[in-house]
Amino acid sequence: MHRVKQVSRLLVFGEVAKQGSFTRAAQALGISKSAVSQQINLLEKELAVQLMSRTTRGLTLTAIGEKVLIRCQSIQQQVDSAFIDLVNAQYNPQGSFTITYPYSIESNIVIPAMQLLCSEFPGLQPELIASDTQIDLVTNNIDMAIRGGQLPDSMYRALPLAKITEIFCATPLYLQRAGITPERFSINHLTEHPWISSSWQKPNMLIHKLASQTSQVIKLNQYAKTNTLPSALNLALKHMGIVSLPDISVLPFLRTSELVHIAPHVCGPIWPLHTIHTYQSDKPLHITRFHQLLKQVFANQVLYGNHMSFEF
């Protein structure tokens, strides 16, 4: 027997017992007295029991009615708790919040934005998954992802976030040994010097000439390959070659002069970034807020120098 309708009738019965009156129960429930009476009659008929006795002086519960009332009160408490959880989820998100993103934006973007989010909603429990491979959200129970490049058609919802630009870098010691200054690093030099690549990069790279607003494909001299951006960065910091990495990830090393921006007249690929999620209608508050904070942190980073986020 399907119990859904009977559950609502049990809650009506509980309200009648609580109020001691059909009239007052109807007022509390916002329905008519006749509707209350009909719900009680249907419940007693379907269960083949009498839950209360009605007299001109009021109503009294039968023995089974007293027993059922205890269950009804428990059901009502569970229903109230469920709605409290729903309200809290709207205005005070709590529980696990799992996101995945590329390594390039972890330190400068994701971590600062997550710190701000958790200060606003301390009930959240963040789980961060850094990966340069795309992880399926549904299969891995992930709430949100940050993806670079053109997105394939999917059931996921996407919001534009920012753009990142690959720029060429090397250490001052590497340049000193090579006997060349950053400004004099030409396209020919880029193709001759040992290049350290990350997993998503190929030797044949599209580069953009900033002055002429034109592009061309060059073949880089691939020297070392790594499966993560941090590995490529660490090899470059050991003076082993040049790298082409997202501007946002090398910014701290440019500030400290551990790396130098070489061939500043060109840049590598420009990647659009999106946040994606699986919610088809209204998003939870923390999803919307995290996207806003990510954009805010990106905007703050862009202010630091003209090597950030080239528009092409």
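Residues numbered from 1 in each chain as written. Predicted model: local features only at pLDDT ≥ 70, side-chain atom pairs only at ≥ 80, totals over all residues. Heavy atoms only, no water.

Section: the packing of aromatic side chains
Next, step 1: Scanning all chains against the criterion turns up one aromatic pair.
Next, step 2: Centroid distance Phe97 to Phe290: 5.6 Å. Interplanar angle 90 degrees. Geometry classified as edge-to-face. Residue Phe97 is located in strand S3 (residues 95-101), and its partner Phe290 is located in helix H10 (residues 285-302); the two are separated by 193 residues in the primary sequence.
Next, step 3: Classification of Phe97 as buried rests on a relative accessible area of 0%.
Next, step 4: Overall, Phe290 belongs to the buried group, its relative accessible area being 0%. (Phe/Tyr/Trp six-rings, centres within 6.5 Å; stacked < 30°, edge-to-face > 60°. Helix = DSSP H or I, 4+ residues; strand = E, 2+ residues; numbered from the N terminus. Buried < 20%, exposed > 50% of the residue type's maximum accessible area, 1.4 Å probe, protein only.)

Here we look at helix H3 (residues 33-47)
Next, step 1: Between the first and last C-alpha of H3 there are 21 Å, a value that for 15 residues agrees with the 21 Å anticipated at 1.5 Å per step.
Next, step 2: Buried within H3 we find Val36, Gln39, Ile40, Leu43 and Glu44. For H3, the angular spread of the buried residues around the axis is 125 degrees, confining them to a single face. Of the exposed residues in H3, those oriented more than 90 degrees away from the buried face are Ser34 and Lys45.
Next, step 3: Looking at the buried side of H3, the elements it contacts are helix H1 (4-19), helix H2 (22-29) and strand S1 (52-55).
Next, step 4: Two residues or fewer after H3 comes Ala48, characterised by a positive phi angle close to 60 degrees. (Expected span 1.5 Å × (residues − 1). Arc of directions from axis to C-beta. Contact = heavy atoms within 4.5 Å.)

Let's talk about the packing of H1 against H2
Next, step 1: Where H1 meets H2, the closest approach of the two axes is 8 Å, and the angle between their N-to-C directions is 125 degrees. It follows from the interaxial angle that H1 and H2 lie oblique. The crossing of H1 and H2 is right-handed. Of the residues in H2, those touching H1 at Val12, Glu15, Val16 and Gln19 are Phe22, Arg24, Ala25, Ala28 and Leu29.
Next, step 2: In terms of residue class, the contact of H1 with H2 is built from six nonpolar, one polar and two charged. (Axes fitted to C-alpha atoms, helices over the stretch in contact; angles between N-to-C directions. Parallel < 35°, antiparallel > 145°, perpendicular 65-115°, else oblique. Left-handed = near helix turned anticlockwise from the far one by under 90°. Nonpolar A, V, L, I, M, F, W, Y, C, P; charged D, E, K, R; others polar.)

Things to note about the side chain of His291
Next, step 1: The topology assignment puts His291 in helix H10.
Next, step 2: On the basis of relative accessible area, His291 is assigned to the buried category, the value being 10%.

Looking at the sheet that holds strand S8 (residues 204-209)
Next, step 1: Sheet architecture is open: three strands sit in the order S9-S8-S13, paired in antiparallel fashion. Taken across any chain shown, the strands that pair with only one partner, and hence form the sheet edges, are strand S9 (214-219) and strand S13 (266-267).
Next, step 2: The pairing of S8 with S13 spans two bridges and is antiparallel. Bridging across to S13, Lys209 finds its partner in Val266. (Pairing = 2+ DSSP bridges.)

A word on the nonpolar core
Next, step 1: Core analysis: the largest hydrophobic core is formed by 24 residues, its most contacted members being Phe97, Ile105, Phe290 and Phe298.
Next, step 2: Of all the secondary structure elements, the ones that give two or more residues to this core are S3, helix H5 (106-120), strand S5 (144-148), strand S6 (157-170) and H10.
Next, step 3: Element by element, the count of residues in this core is highest for H10, at six residues.
Next, step 4: For Ile105, the contacting residues outside a window of four places in its chain are Val110, Ile146, Ile248, Leu273 and Phe298.
Next, step 5: Among the nonpolar cores identified, the runner-up in size contains 17 residues, and Ala170, Trp195, Ile218 and Val266 belong to it. (Core = buried A, V, L, I, M, F, W, Y, C linked by side-chain atoms within 4.5 Å.)

Thoughts on the pattern of salt bridges
Next, step 1: Per the stated rule, a full pass over the model turns up two salt bridges.
Next, step 2: For Arg9, the salt bridge goes to Glu46, with nearest N and O atoms at 2.5 Å. On the criterion of sequence distance, the pair formed by Arg9 in helix H1 and Glu46 in helix H3 is long-range, its members being 37 residues apart.
Next, step 3: Given the relative accessible area of 36%, Glu46 is considered partly exposed.
Next, step 4: In this structure, the salt-bridge partner of Glu120 is Arg289, at a minimum N-O distance of 2.8 Å. With Glu120 in helix H5 and Arg289 in helix H10, the pair connects residues that are 169 residues apart, well separated along the chain.
Next, step 5: Take Glu120: its relative accessible area is 35%, and that puts it in the partly exposed class. (Salt bridge = Lys/Arg side-chain N within 4 Å of Asp/Glu carboxyl O.)

The values reported here are purely geometric and, on their own, carry no functional implication.
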